[in-house]
Amino acid sequence: DWRRFRADSISSFLDEQMSIVKRHKDKRALVTTNFPGGYFSKKMDFALLGRQLDVVSYDNYPVWGGLERPLPPSRVALALDITRGLLPGEGGGRRHFWVVEQLIGAQGHDEIGYLPRPGEAAMWALQSLIHGATGLMFFRWRSAQRAQEVFCY
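Notes on the structure in this doc start here. Small disclaimer: the values here were computed from a predicted structure and weren't measured.

1. Comments concerning the side chain of His131
Among the secondary structure elements, His131 is positioned in the loop between helix H4 (120–130) and strand E4 (135–139). Ignoring sequence-local partners within four residues, the contact set of His131 consists of Ala77, Leu80, Asp81, Arg84 and Phe97.

Right, here's the structure in full:
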């Protein structure tokens, strides 16, 4: 019951926000929000949420916080494939998905995390494109000077 309640609450909140944004946005503008990955542990209905968006967006963090090494490429590939499948298109096709946060350096909120080795960030970016991403943005271009993401660079 809790999972259903949570999924319904998040979905109705997104519906409410989407109706506000769509009333005020330019007709050419697309509406999206970041999906954090970890699909099997989040207890949300990402497919339901994806249907409400113009573009599904994903945060690709193959390594997070105190991990000593990145997730295996197969696990990253699975998350990208799930993301690609969340936004059904017309006539059985699929619409776009973007990676709006692609890890390119060490990161962490309370500690400095794993620093990608030479070529790893490029590999993750290419992996995103190969798995169907039509947009790719990198996080973080420069280190923050203050606040919780000061260790993300």
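2. Topic: the layout of surface pockets
Taken as a whole, the largest pocket spans an internal volume of roughly 480 Å³. Pro36, Gly37, Gly38, Tyr58 and Leu71 are the residues nearest the centre of the largest pocket, which is lined by 20 residues in total. Those elements that provide at least two residues to the lining of the largest pocket are strand E2 (56–60) and helix H3 (73–84). No other element matches H3, which puts five residues into the lining of the largest pocket.

3. Some words on the sheet that holds E2
Strand order in the open sheet formed by four strands is E1-E2-E3-E4, with parallel pairing between adjacent strands. A strand with exactly one partner marks an edge of an open sheet, and here the two such strands are strand E1 (34–35) and E4. By the bridge criterion, four bridges tie strand E3 (residues 97–103) to E4 in an arrangement that is parallel. The residue of E4 that forms the bridge with Gln102 is Phe138. Together, E2 and E3 form the strand contacts of H3, whose direction differs from that of E2 by roughly 170°. Strand contacts of H4: E2, E3 and E4, with the helix running at about 170° to E3, the strand carrying the most contacts.

4. A look at a nonpolar patch on the surface
On the surface, Leu126, Leu129 and Ile130 cluster together to form a nonpolar patch covering roughly 320 Å² of accessible area. Position of Leu129 relative to the elements: it lies in helix H4. Leu129 gets classed as partly exposed once you look at its relative accessible area, which sits at 41%.

5. Details of the pattern of salt bridges
Under the defined criterion, the tally for this structure stands at three salt bridges. The partner of Asp1 in a salt bridge is Arg4, and the shortest N-O contact between them spans 2.5 Å. When its relative accessible area of 52% is taken as the criterion, Arg4 is described as exposed. Ionic pairing is found between Arg84 and Asp81, a salt bridge with its closest N-O pair at 2.9 Å. Here the residue Arg84 and the residue Asp81 both occupy positions in helix H3, the gap between them amounting to three residues, near one helical turn.

Conventions used here
Residues numbered from 1 in each chain as written. Predicted model: local features only at pLDDT ≥ 70, side-chain atom pairs only at ≥ 80, totals over all residues. Heavy atoms only, no water. Helix = DSSP H or I, 4+ residues; strand = E, 2+ residues; numbered from the N terminus. Contact = heavy atoms within 4.5 Å. 1 Å grid on protein atoms, 1.4 Å probe; cavity = no way out; pocket = protein on both sides within 12 Å on 5 of 7 lines; lining within 4 Å. Points joined across faces, edges and corners; volume = space filled by probe spheres on them. Pairing = 2+ DSSP bridges. Axes fitted to C-alpha atoms, helices over the stretch in contact; angles between N-to-C directions. Patch = residues over 30% accessible without salt bridge, like charges linked within 9 Å, V, L, I, M, F, W, Y side chains within 5 Å. Areas by Shrake-Rupley, 256 points an atom, 1.4 Å probe, with all protein chains shown as cover. Salt bridge = Lys/Arg side-chain N within 4 Å of Asp/Glu carboxyl O. Buried < 20%, exposed > 50% of the residue type's maximum accessible area, 1.4 Å probe, protein only.

The analysis is restricted to geometry; functional conclusions fall outside its scope.
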